Amino acid sequence: MEQLNLITNFLRIKDKNITITDEYDMGTHLELHGHLDYTAPKCPKCKGQMAKYDYQKTSKIPYLETAGYPLLIRLRKRRFKCKECGKMAVAETPLVKKNHQISVAVNQKIAQLLIENQAMQHIAHRLSISTSSVMRKLNEFKFETDWNTLPEVMSWDEYAFKKGKMSFIAQDFDSLNVIAILDGRTQATIRNHFLRYPRKVRNRVKVITMDMFSPYYQLAKQLFPNAKIVLDRFHIVQHLSRAMNRVRIQIMNQFNRKSQEYRALKRYWFIALCFECN
Ligand SMILES: [Zn+2]
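Residues numbered from 1 in each chain as written. Predicted model: local features only at pLDDT ≥ 70, side-chain atom pairs only at ≥ 80, totals over all residues.

1. What about the overall build of the protein chain?
At step 1: When helices and strands are counted, the protein chain shows nine helices and eleven strands.
At step 2: Within the protein chain, counting contacts between residues at least 6 apart in sequence, those at least 24 apart form 47% of the total. (Helix = DSSP H or I, 4+ residues; strand = E, 2+ residues; numbered from the N terminus. Contact = placed C-beta atoms within 7 Å.)

Structure representation (structure tokens):
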């Protein structure tokens with residue numbers, strides 16, 4: 001059991017309600033078997049007390065590949081039944097979103113690979129899922145947006161997720177979490193989206209990185225009055241590359257390698273190229 005706990009830690013399966021009971025080396029892939037169970041919650045329908053019922057049929061959850069092997073989790077989820085109204089409910093876990101068969105981690109990985117412009121077949125193969133799962137994810141790029149928070153540093157890009165059709169994508173610069181993918185990239189689409197965040201929330205954004213020739217510059221200034229608009233790192237690399245890099249290394253070398261300044265420069269050196277034209 002000790003070792004199996006280690007596995008869940010290692011895989012960052014943080015849900016303490018998941019117990020892994022067996023692991024199998026299937027030759028072509030690894031399998032973990034386990035169950036999801038917790039104290040019966042209140043009924044979502046009548047708020048009455050639910051009681052533990054049976055286990056649902058095993059769900060197959062493809063997980064991120066581990067040590068080069070595809071990993072499949074076979075998870076049995078507890079079912080609950082309401083003592084008052086008889087409603088049935090299935091135990092939930094942050095590992096897999098409700099009514100989904102693909103783990104959150106795999107979903108994030110799909111999103112990341114799509115952003116990195118990897119072919120769908122390639123992603124499907126790499127994550128041991130079907131191409132249609134990748135397609136579904138693509139079509140599902142609707143995020144449950146939290147309108148009360150925005151990252152301090154955001155990057156804006158355009159991206160052709162579908163052939164010949166550009167989308168607008170905003171990401172948290174630090175975590176790389178996708179904040180928005182908008183169908184279409186007109187200024188109106190983007191304005192309408194971000195205006196749904198209260199001004200107070202928008203005011204907290206400090207930096208937006210974007211394409212050097214982006215038409216969004218004025219729009220970003222209007223929506224995010226406190227943000228500095230910064231040249232996108234890729235474009236800087238493209239346009240100013242070596243000269244700039246040399247300057248950065250020279251500056252960096254003046255600092256101790258472990259120092260805050262060194263790490264900050266290594267990470268945020270492009271901010272030195274802020275537009276200051278307002
Ligand atoms: Zn009920």
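Okay, back to it.
2. Looking at the pairing of strand 2 (residues 30-36)
At step 1: Of the pairings in the sheet, the one linking strand 1 (residues 18-25) to strand 2 comprises seven bridges and is antiparallel in character. Bridge assignment links Thr19 to a residue of strand 2, and that residue is His35.
At step 2: As paired elements, strand 2 and strand 5 (residues 69-82) share seven bridges and run parallel to each other. Following the sheet pairing, His33 is matched in strand 5 by Arg74. (Pairing = 2+ DSSP bridges.)

3. Quick word on the environment of Ala124
At step 1: Inspection of the secondary structure assignment puts Ala124 in helix 3 (residues 120-126).
At step 2: Those residues within four positions of Ala124 in sequence are excluded, and the remaining contacts are Ile129, Ser130, Thr131, Ser133 and Val134.

4. Things to note about the nonpolar core
At step 1: If you look at the biggest cluster of nonpolar residues, it comprises 20 residues, and the most contacted ones within it are Met154, Val205, Ile208, Ala220, Ala227 and Ile229.
At step 2: Going through the elements one at a time, strand 7 (153-162), strand 8 (165-172), helix 5 (187-194), strand 10 (207-210) and strand 11 (228-231) are the ones with two or more residues in this core. (Core = buried A, V, L, I, M, F, W, Y, C linked by C-beta atoms within 7 Å. Buried ≥ 20, exposed ≤ 12 C-beta atoms within 10 Å, placed from the backbone.)

5. Some remarks on the environment of Gln49
At step 1: Residue position: Gln49 is located in the loop between strand 2 and strand 3 (50-55).
At step 2: Its 13 C-beta neighbours within 10 Å are what place Gln49 among the partly exposed residues.
At step 3: The sequence separation of Gln49 and Lys83 amounts to 34 residues, and the corresponding C-alpha distance is 6.1 Å.
At step 4: Discounting chain neighbours no more than four positions away, the residues touching Gln49 are Ala40, Lys42 and Lys83.

6. Side note on the confidence of the model for the protein chain
Close reading of the predicted structure is inappropriate where its pLDDT is low.
At step 1: Of all residues in the protein chain, 59% attain a pLDDT of 70 or more, and the chain-wide mean is 74.
At step 2: Segment residues 235-247 is flagged for pLDDT under 50; beyond a separation of four residues in sequence, or across chains, it makes seven contacts in the model.
At step 3: The low-confidence segment residues 268-278 (pLDDT under 50) makes 14 contacts with residues lying over four places distant or belonging to another chain. (pLDDT = per-residue confidence, 0-100.)

7. Description of the environment of Gln56
At step 1: Its location among the elements puts Gln56 in the loop between strand 3 and strand 4 (59-66).
At step 2: With 16 C-beta atoms packed within 10 Å, Gln56 lands in the partly exposed category.
At step 3: For the pair formed by Gln56 and Lys77, sequence separation is 21 residues and the distance between their alpha carbons is 5.4 Å.
At step 4: Beyond its immediate sequence surroundings of up to four residues, Gln56 is in contact with Arg76, Lys77, Arg79 and Val90.

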